[in-house]
Amino acid sequence: MGDRFLGDSVEDVEGMVRAALAAAPLPTAVIALEAPAPSRILLASRSLGDLLGRHEEGLVGQRLTDLVELHSGEDDPLRALAGGEDASAVCTVTKWPDDVPLVLELKAARLPGERALAVVQLYDQTEREQAQRSLRENLRCLQDIADYSSALVYAKDLDGRYLLINRQFEQRFGLQREQVRGRTDFDLFPREAAVTYTEHDAEVLAKGGPIEMEEPTTDIAGSWLSIKFPLLDESGRPYAIGGISTDITDRKRAEAAAEEARAEAELVKTALALQHSLLPHGLPEHVAVEVAGRYLPAGNAEPGGDWFDVIPLSGARVALVVGDVVGHGVRASAAMGQLRMAVRTLADVDLAPDELLAHLDDMVIRLSTGSKSEADTPTGDLGATCLYAVYDPVSGRCSVASAGHPSPALVSPDGMVEILEVPTGPPLGVGGFPFESIERVVPEGSVLVLYTDGLIEATDHDVDLGLRTLCTALGDAAPSLETTCDLVLRALLVDLPADDVALLIVRTHTLDAEQVASRPIPADPAVVATARSWATDQLHAWDLDELAFVTELVVSELVTNAIRYAAPPIQLRLIKNQTLICEVSDASSTAPHMRRARILDEGGRGLMLVAQLTASWGTRHTGTGKTIWAEQSLPEEKSRTPTPGRCRRGRRQSATRRPGRGGSKRDRSENET
């Protein structure tokens, strides 16, 4: 049992011994309460003897009141026990033989039974007093230091009751120390926060060391950075939990804002890179036009969906395109890339401007409709405007159609500036409305200016003022198109633009009469030889005799097909610029198609030979029928190199011309992306 008990009458107290040992694991004595010797010790535990410095056998028979001196002000526990009540008191005993006074806490309880007996337990208060004194001193020191801290400093006992808070804690919550001391987190703060604080306190005690953690502020709207640690007594046991908390809400918000800014900057960088890859890195060289262009992102540095392009077409013609996709960022840039590629694909079919916009409108509607069921598509609800123009350097005519886009400006060779009256159709993606194009004769040396609305619209002026400013700037334009671009931008964009801007300036050229030769062809097979002879004579006049063999074959095939299968009038035309172009026009809208003839077939090989021997060929429909054309590359020393067009977007890069392939619809100068 641990401690051994001795007594006079073991039989009488056997039951009481068991009760005393069960109820009193501490230094214990069983005393008698009745006269003639109240408080006489009947049984004593070994631990009681150790506490008093005596053997337990020497304690039996002695009066407890002779060994214990009650402190002044304490009630007599014997009187309470005699009355049937439990008792407690603080007392002092002297440990023999050292005569060391010990402060003890006495607790006594009367035992049931016929005899007046009581169990007495003594608790050594010396260590507790020392621990309490040490705790008070530690807390006092911590309090003095904590009051100078700008963080919240606090200490709690092991039951979570506050022992100490600093001035910052008081100011933060508007509470005095007396209001906080002895209360728990659940008494002071919302339950959600209090539960978190209590769980973290338990983690500190379980670990037995300091823990750094992030906690919600008491209003759950912010964050604390807290360091919690156990406070240990001299024996290394925890007697309290200390904490230092700093409000990091502003820092967290700043970090979140910085992270958001970094993510946005990365998104802008991605969008710029995407747009840079989709816009032309250099405009193609073309005999019909001299070009210069600019693209400026919006002042918020987030790229939008503005773009421009110059697309070579058959018959020495050229398409001029400028467009604007609604919105900014990656989606707008991706949508812009889709539209630009769609325009190039439709231009390859040689459609008129109004027809091309109608097909482009249908494509935008399909993209927008499909994106509603595909949330991750880059287009979203796509909205865009576009202006498409085709310039013919042979006739000097320019056809223009608009889908909700600002009309271009035209500067005549004498310096007169006007805004072309182009019927403005609905923006792309609306559907249900036709587009209308106009045709205008453009004198050689005229300047066409295509732009997006970001150039003429601004917060400090309306569109009309922007157009007047544009016309004034163009009236003072310099001969250099590059200088004109800079002049226009300086005149209209005093500050960074609110919307991105695309600007394309084009100076037109016409082909000399010596570069174009044409003649009508009667609908008579007998004139095929005459047509061949005429073409050969023209090549000789152009000093292109080395191309005569292939040209004779092409003329023979195309003229024969027109006479057999098409309708008059029929016309044969040769154009010499960067390439040699052979065209046969007729009044039929039926286009030929190439097929592979079998061994025993008598026909079907003509177009195959044309495709194999020329750089490219194709069909172009017109308002009165169609034109079949084929191109041949000129000998290197006889090809005329026009003044190159330029496009400035950061670093200038040269365009790359791809060679034509047999059977392709048309050779076109494409830009590497």
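Within each chain, residues carry numbers counting from 1 in the order of the written sequence. Per-residue local features are limited, in this predicted model, to residues with pLDDT of at least 70; the limit for side-chain atom pairs, both in listing and counting, is 80 or more; totals at the level of whole chains, interfaces and linings are taken over all residues. Think of the side-chain values as coming from all heavy atoms in the structure, minus any hydrogens and water.

Here we come to the pairing of strand β26 (residues 616–622). For β26, the buried fraction is high: five of the seven residues fall into the buried class. One ladder, built from seven bridges, connects β26 with strand β27 (residues 625–633); its direction is antiparallel. Each bridged residue has a counterpart across the sheet, and for Thr-619 the counterpart in β27 is Ile-628. One bridge is not enough; two strands pair if DSSP finds at least two bridges between them. Here a strand is any run of E in DSSP of at least two residues, a helix any run of H or I of at least four, and the numbering for each starts at the N terminus. With antiparallel pairing between neighbouring strands as the criterion, β26 and β27 make up a hairpin whose turn holds two residues. Each residue gets one of three labels from its accessible area relative to the maximum for its type: buried under 20%, exposed over 50%, partly exposed in between, using a 1.4 Å probe on protein chains only.

The next thing to look at is the nonpolar core. Membership of the largest hydrophobic core comes to 33 residues, with the highest contact counts inside it found for Ile-521, Val-559 and Leu-572. The element contributing the most residues to this core is helix α17 (residues 548–565), with eight residues. Buried Ala, Val, Leu, Ile, Met, Phe, Trp, Tyr and Cys residues form a nonpolar core when they are joined through side-chain atoms within 4.5 Å. Listed in part, the 28 residues of the second largest apolar core include Ile-311, Val-321, Leu-357 and Leu-360.

For helix α10 (residues 191–207), with 17 residues, the first-to-last C-alpha span of 24 Å sits near the 24 Å given by 1.5 Å per residue. Two residues form a contact once any of their heavy atoms are found within 4.5 Å. Contact partners of the buried residues in α10: β7 (152–157), α9 (185–188), β9 (211–216), β10 (223–232) and β11 (238–247). A positive phi of about 80° marks Gly-208, the residue just after α10. For a helix, the expected span equals 1.5 Å multiplied by the number of residues minus one.

All axes here are fitted lines through C-alpha atoms, helices being fitted over the stretch that makes contact, and every angle between N-to-C directions spans 0 to 180 degrees. Where α17 meets helix α18 (residues 606–613), the axes come as close as 10 Å, and the angle between the chain directions of the two elements is 145°. Note that α17 runs across α18; the crossing there is left-handed. Residues Val-550, Leu-553, Val-554, Glu-557, Leu-558 and Asn-561 of α17 touch α18, and the partners they reach there are Gly-606, Leu-607, Leu-609, Val-610 and Leu-613. For this classification, Asp, Glu, Lys and Arg are treated as charged, while Ala, Val, Leu, Ile, Met, Phe, Trp, Tyr, Cys and Pro are nonpolar and the rest, including Gly, are polar. Of the residues assigned to the contact of α17 with α18, the class counts are eight nonpolar, two polar and one charged. Here a crossing is called left-handed whenever its near helix is offset anticlockwise from the far helix by less than a right angle, and right-handed whenever the offset is clockwise.

Salt bridge criterion: a side-chain nitrogen from Lys or Arg within 4 Å of a carboxyl oxygen from Asp or Glu. Going through the model one piece at a time under the given rule, you end up with 24 salt bridges. When the shortest N-O distance is used, the salt bridge between Glu-170 and Arg-177 registers 3.5 Å. Of the two residues examined, Glu-170 and Arg-177, each falls in the buried class. Overlapping salt bridges, with partners in common, bring together Lys-156, Asp-185, Asp-201, Glu-215 and Lys-228 in one network.

For Asp-361, the location among the structural elements is in helix α13 (residues 353–371). Nearest to the buried, unbridged Asp-361 among oppositely charged side chains is Arg-366, at 9.3 Å. Apart from residues lying up to four places away in sequence, Asp-361 is in contact with Pro-427, Leu-428, Gly-429, Val-430, Gly-431 and Phe-435. We treat Lys and Arg as the positive residues and Asp and Glu as the negative residues; His and chain ends play no part in the count.

This brings us to the environment of Ser-533. Structurally, the position occupied by Ser-533 is in helix α16 (residues 528–541). A residue is classified by how much of its surface remains accessible, and Ser-533, at 39% relative accessible area, is partly exposed. Sequence spacing of Ser-533 and Val-555 is 22 residues, and the spatial spacing of their C-alpha atoms is 9.7 Å.

Bringing unusual backbone geometry into the picture now. For the bond from Pro-568 to Pro-569, the omega torsion is 5°, close enough to zero to count as cis. Unusually for a residue other than glycine, Asp-350 sits at a positive phi of about 65°. Within the secondary structure, Asp-350 is located in the loop between α12 (330–347) and α13. Positive phi, close to 60°, is recorded for Asp-543, a residue that is not glycine. Topologically, Asp-543 is positioned in the loop between α16 and α17.

Before going further, it helps to examine the sheet that holds β10. Here we have five strands laid out as an open sheet, ordered β8-β7-β11-β10-β9, and antiparallel in their pairing. Here the strands that pair on one side only, and so sit at the sheet edges, are β8 (162–165) and β9. Recorded for the sheet is a direction-independent mean angle of 25° between the axes of neighbouring strands. As judged from the six bridges shared by β9 and β10, these two strands associate in the antiparallel manner. Bridging from a neighbouring strand, Glu-215 pairs with Trp-224 of β10. Packing of α10 onto the sheet brings it into contact with β7, β9, β10 and β11, and relative to β9 it is tilted by some 170°.

Any Phe, Tyr or Trp ring, taking Trp's six-membered ring, that has another such ring centre within 6.5 Å forms a pair; planes under 30 degrees apart are called stacked, those over 60 apart edge-to-face, and the others tilted. Inspection of every chain in the model, using the stated rule, returns seven aromatic pairs. Between Phe-173 and Phe-189, the ring centres sit 5.1 Å apart and the planes meet at 50°, which makes this aromatic pair tilted. Taken together, the residues span a long stretch of sequence, with Phe-173 in helix α7 (residues 167–173) and Phe-189 in the loop between α9 and α10 at a distance of 16 residues. Classification of Phe-189 as buried rests on a relative accessible area of 9%.

Within the protein, residue pLDDT values average 79, and 78% of them lie at 70 or more. Contacts from residues 372–380, a stretch scored under 50 in pLDDT, to residues over four places away or in other chains number 14 contacts. A score between 0 and 100, pLDDT records how confident the predictor is in each residue. Confidence over residues 641–673 falls short of pLDDT 50; this stretch has 94 contacts with residues more than four positions distant or in other chains.

Right, let's get into the side chain of Asp-392. Within the secondary structure, Asp-392 sits in strand β15 (residues 384–392). One polar contact links the side chain of Asp-392 to the main-chain amide nitrogen of Val-394, over a distance of 3.0 Å. For the purposes of these results, a polar contact is taken to be a pair of N or O atoms within 3.5 Å, where, inside protein, one atom must be able to donate a hydrogen and its partner to accept one; residues adjacent in sequence count only when each atom of the pair is a side-chain atom. A distance of 3.4 Å separates a polar atom in the side chain of Asp-392 from a polar atom in the side chain of Ser-395. Apart from residues no more than four positions distant in its own chain, Asp-392 is found in contact with Gly-315, Arg-317 and Arg-397.

Taking strand neighbours across the sheet as the criterion, the five strands line up as β23-β24-β25-β27-β26 in an open arrangement whose pairing is antiparallel. What marks the edges here is a single partner per strand, and that holds for β23 (516–521) and β26. Averaged over all pairs of adjacent strands, the angle between strand axes in this sheet comes to 15°, irrespective of strand direction. Along the sheet face, α17 touches β23, β24 (570–576), β25 (579–586) and β27 and points at about 15° away from the line of β25.

Time to look at the packing of helix α14 (residues 463–475) against helix α15 (residues 481–492). For the pair α14 and α15, interaxial distance at closest approach is 9 Å and the crossing angle is 145°. Handedness of the α14/α15 crossing: right-handed. Here α14 contributes Gly-466, Thr-469, Leu-470, Ala-473 and Leu-474 to the contact with α15, which in turn contributes Thr-484, Leu-487, Val-488, Ala-491 and Leu-492. The residue inventory of the contact of α14 with α15, partitioned by class, reads seven nonpolar, three polar and no charged.

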